[in-house]
Amino acid sequence: MTSAAAGSPVDGLLATASIVLSLLVAVWALVAAVRHRPPDRVQYAGLAVLEVLLLVLGVLALVAVGGGDRPGEPGAFFGYLVTLVCLPPLAWVLARMEPTRWGSAIVCAVCLVTPVVVVRLQQTWEVLGG
């Protein structure tokens, strides 16, 4: 196991950028939902950029594991990692299926869950000694 946060591939600028972007898209989607607007191109573009950031974060984590680093809780870590990269596409599909204000609400909800999953991913990497 690695020391806490010292060599964590899921901490740093990329994780922070994905959290900030996710919260910005959530606010945009919330405003659209309150105004009874369906999801727009900005929401879809935000989800696409967020997915790219999360995929890069996931690849960095997998490269670190391949290089010999180990998360503190491997099962939970990989579960959160898979969940994390599936969230934006799921939001995109559901929002496309619901082209009303509720589609914007779905995007908002998923973008509020994403930072929580990023933080949990970081925590499961940094757990030492179970």
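A word on the packing of aromatic side chains
For step 1, the next point in the chain: Per the counting criterion, the structure on display carries three aromatic pairs.
For step 2, the next point in the chain: Relative to W92, the ring of Y44 lies with its centre 6.0 Å away and its plane at 65°, an arrangement referred to as edge-to-face. Separated by 48 residues along the polypeptide, Y44 in helix α2 (residues 41-66) and W92 in helix α3 (residues 74-97) bring together distant segments of the chain.
For step 3, the next point in the chain: Among the aromatic residues, those joined into a cluster by ring pairs are F77, F78 and W125.
For step 4, the next point in the chain: The ring of Y44 has R96 sitting right over it, with the charged end atom 5.7 Å from the ring centre.

Concerning α3
For step 1, the next point in the chain: The end-to-end C-alpha separation of α3 is 34 Å, in line with the 34 Å expected for 24 residues at 1.5 Å each.
For step 2, the next point in the chain: The sharpest bend along α3 measures roughly 35° and falls at L87, with the proline P88 sitting one to four residues further on.
For step 3, the next point in the chain: Listing the buried residues of α3 in full gives F77, L81, L84, L87, P88, A91 and A95.
For step 4, the next point in the chain: Summarising the contacts, the buried residues of α3 are in contact with α2 and α4 (101-126).

Describing a nonpolar patch on the surface
For step 1, the next point in the chain: Side chains of L90, W92, V93, L94 and M97 sit close together on the surface and give an oily, nonpolar patch of about 470 Å² of accessible area.
For step 2, the next point in the chain: Mapping M97 onto the fold places it in helix α3.
For step 3, the next point in the chain: By relative accessible area, which is 61% here, M97 ends up exposed.

What about the packing of helix α1 (residues 13-34) against α2?
For step 1, the next point in the chain: Across the interface, α1 lies against α2 with an axial gap of 10 Å and an inter-helix angle of 160°. With respect to each other, α1 and α2 are oriented roughly antiparallel. As for the relative orientation of α1 and α2, their crossing is left-handed in sense. Where α1 abuts α2, its residues L14, A15, A17, S18, L21, S22, V25, W28, A29 and A32 lie against V42, Q43, G46, V49, L50, L53, L54, V56, L57 and L60.
For step 2, the next point in the chain: A breakdown of the residues in the contact of α1 with α2 according to their chemical character gives 16 nonpolar, four polar and no charged.

Topic: the confidence of the model for the protein chain
For step 1, the next point in the chain: When pLDDT is averaged along the protein chain, the result is 90, and 92% of the positions lie at 70 or above.
For step 2, the next point in the chain: Confidence over residues 1-5 falls short of pLDDT 50; this stretch has 14 contacts with residues more than four positions distant or in other chains.

Points about unusual backbone geometry
For step 1, the next point in the chain: Not every positive phi belongs to a glycine, and H36 is a case in point at roughly 60°.
For step 2, the next point in the chain: By the element assignment, H36 lies in the loop between α1 and α2.

Details of the nonpolar core
Buried together is how nonpolar side chains tend to be arranged in soluble globular proteins.
For step 1, the next point in the chain: In terms of nonpolar packing, the biggest core is built from 29 residues, with V10, F77, L84, V107, C111 and L121 touching the most fellow members.
For step 2, the next point in the chain: When residues of this core are assigned to their parent elements, the largest contribution, nine residues, is made by α2.

Rules used in this analysis
Residues numbered from 1 in each chain as written. Predicted model: local features only at pLDDT ≥ 70, side-chain atom pairs only at ≥ 80, totals over all residues. Heavy atoms only, no water. Phe/Tyr/Trp six-rings, centres within 6.5 Å; stacked < 30°, edge-to-face > 60°. Helix = DSSP H or I, 4+ residues; strand = E, 2+ residues; numbered from the N terminus. Lys NZ or Arg CZ within 6 Å of the ring centre and 35° of its normal. Expected span 1.5 Å × (residues − 1). Bend = angle between axes of the 7 residues up to and from the residue. Buried < 20%, exposed > 50% of the residue type's maximum accessible area, 1.4 Å probe, protein only. Contact = heavy atoms within 4.5 Å. Patch = residues over 30% accessible without salt bridge, like charges linked within 9 Å, V, L, I, M, F, W, Y side chains within 5 Å. Areas by Shrake-Rupley, 256 points an atom, 1.4 Å probe, with all protein chains shown as cover. Salt bridge = Lys/Arg side-chain N within 4 Å of Asp/Glu carboxyl O. Axes fitted to C-alpha atoms, helices over the stretch in contact; angles between N-to-C directions. Parallel < 35°, antiparallel > 145°, perpendicular 65-115°, else oblique. Left-handed = near helix turned anticlockwise from the far one by under 90°. Nonpolar A, V, L, I, M, F, W, Y, C, P; charged D, E, K, R; others polar. pLDDT = per-residue confidence, 0-100. Core = buried A, V, L, I, M, F, W, Y, C linked by side-chain atoms within 4.5 Å.

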